[in-house]
Amino acid sequence: LTDSLMVMINDGLCADIEAMGFSYTYGDCEGNFAHMVDMVENAVTMGASAIIIMGFVDGTGDACAQAMEAGTSVFTLAAEPDFEVSGKVSVDPHTQGAAAVDMISAWIDQRYPDAGEDEIKAMVTVSYQTALAAGRSEAYMEGLAADKRIQLIHTATEVATSIDEG
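This text gives an overview of the structure that appears in the document. Sequence positions are assigned chain by chain, starting from 1 and proceeding in written order. Confidence filtering applies because this is a predicted model: local features only for residues at pLDDT of at least 70, side-chain atom pairs given and counted only at 80 or more, and all residues used for totals across whole chains, interfaces and linings. Side-chain calculation: all heavy atoms of the structure are included, whereas hydrogens and water are not.

**Let's talk about the overall build of the protein**
- By definition, any uninterrupted DSSP run of H or I lasting at least four residues is a helix, any uninterrupted run of E lasting at least two residues is a strand, and each is numbered from the N terminus. Scanning the protein from N- to C-terminus turns up five helices and five strands.
- Classification of the 166 residues of the protein by burial places 36% in the buried group.
- Long-range pairs, those at least 24 residues apart, make up 55% of the contacts in the protein between residues at least 6 apart in sequence. For the exposure calls, accessible area comes from a 1.4 Å probe over protein chains only, and a residue counts as buried if that area is under 20% of its type's maximum, exposed if over 50%, partly exposed in between. Residues count as neighbours in contact if any of their non-hydrogen atoms are within 4.5 Å of one another.

Written out as structure tokens, the structure reads:
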């Protein structure tokens, strides 16, 4: 994993799942949905009791249905599938967004330790497509706006205006 937010989420999932007495294996489809389908099918073949799919789930509906027919539970994390799953793993979106802001602030501290007010120019692209995305985006914007070192340009990708919508 190279994305700091995904590393944090993955590490948290791993710790929680292993604390419950289960083993945890991570796989990264690297944005290739055909590879994600292969990973779901391989997990079933290897006897996985459950699969958690993180992020976008486009094109995985048939593989997930087959997994559930084979007795493997399928859960989604940070995804709103248009097909049936065993359940959804919930992560508080505000906590996710705040954690991302903490990582950004730590990076600024390390990279620009003497940065003054409005010295760091930043453009943030956020999404309000789902309630989860809106919650993360609101936390990003709140946290980044509070950091006086950052001069922020905000670009929204969707029309919903609040976590209460969608």
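**A look at helix α3 (residues 61-69)**
- For α3, the full list of buried residues reads G61, A63, C64 and A67. Viewed end-on, α3 has its buried residues packed into an arc of 165 degrees, placing them on one side of the element. Turned more than 90 degrees from where α3 packs its buried face, D62 and E69 sit exposed.
- Where the residues of α3 are buried, they touch α2 (33-45), β1 (50-54) and β2 (73-77). Arc definition: directions from the helix axis to the C-beta atoms.

**Examining the nonpolar core**
- If you look at the biggest cluster of nonpolar residues, it comprises 15 residues, and the most contacted ones within it are V40, I51, I53 and V74.
- Secondary structure elements with two or more residues in this core: α2, β1 and α3.
- Considering every element that reaches this core, the biggest residue donor is α2, with four residues.
- Among the buried residues, those of types Ala, Val, Leu, Ile, Met, Phe, Trp, Tyr and Cys that are joined through side-chain atoms within 4.5 Å form a nonpolar core. Core analysis: the next-biggest nonpolar cluster, separate from the first, contains 13 residues, I108, Y128, A134 and I150 among them.

**Quick word on the pattern of salt bridges**
- Salt bridge criterion: a side-chain nitrogen from Lys or Arg within 4 Å of a carboxyl oxygen from Asp or Glu. Considering all chains together, one arrives at two salt bridges under this definition.
- A salt bridge links D109 to R149; the shortest N-O distance between them is 2.5 Å. Taken together, the residues span a long stretch of sequence, with D109 in helix α4 (residues 93-111) and R149 in the loop between α5 (131-146) and β5 (150-156) at a distance of 40 residues.
- As a salt-bridge pair, D147 and R149 come within 2.7 Å of each other at their nearest N and O atoms. In this structure, D147 and R149 share a single accessibility class: buried.

**Topic: the environment of G59**
- Along the chain, the position of G59 falls in the loop between β1 and α3.
- Accessibility expressed as a relative area gives 68% for G59, which makes it exposed.
- For the pair formed by G59 and P81, sequence separation is 22 residues and the distance between their alpha carbons is 9.8 Å.

**Comments concerning unusual backbone geometry**
- Despite not being glycine, D118 shows a phi value in the positive range, around 60 degrees.
- Locating D118 in the fold gives a position in the loop between α4 and β4 (120-126).

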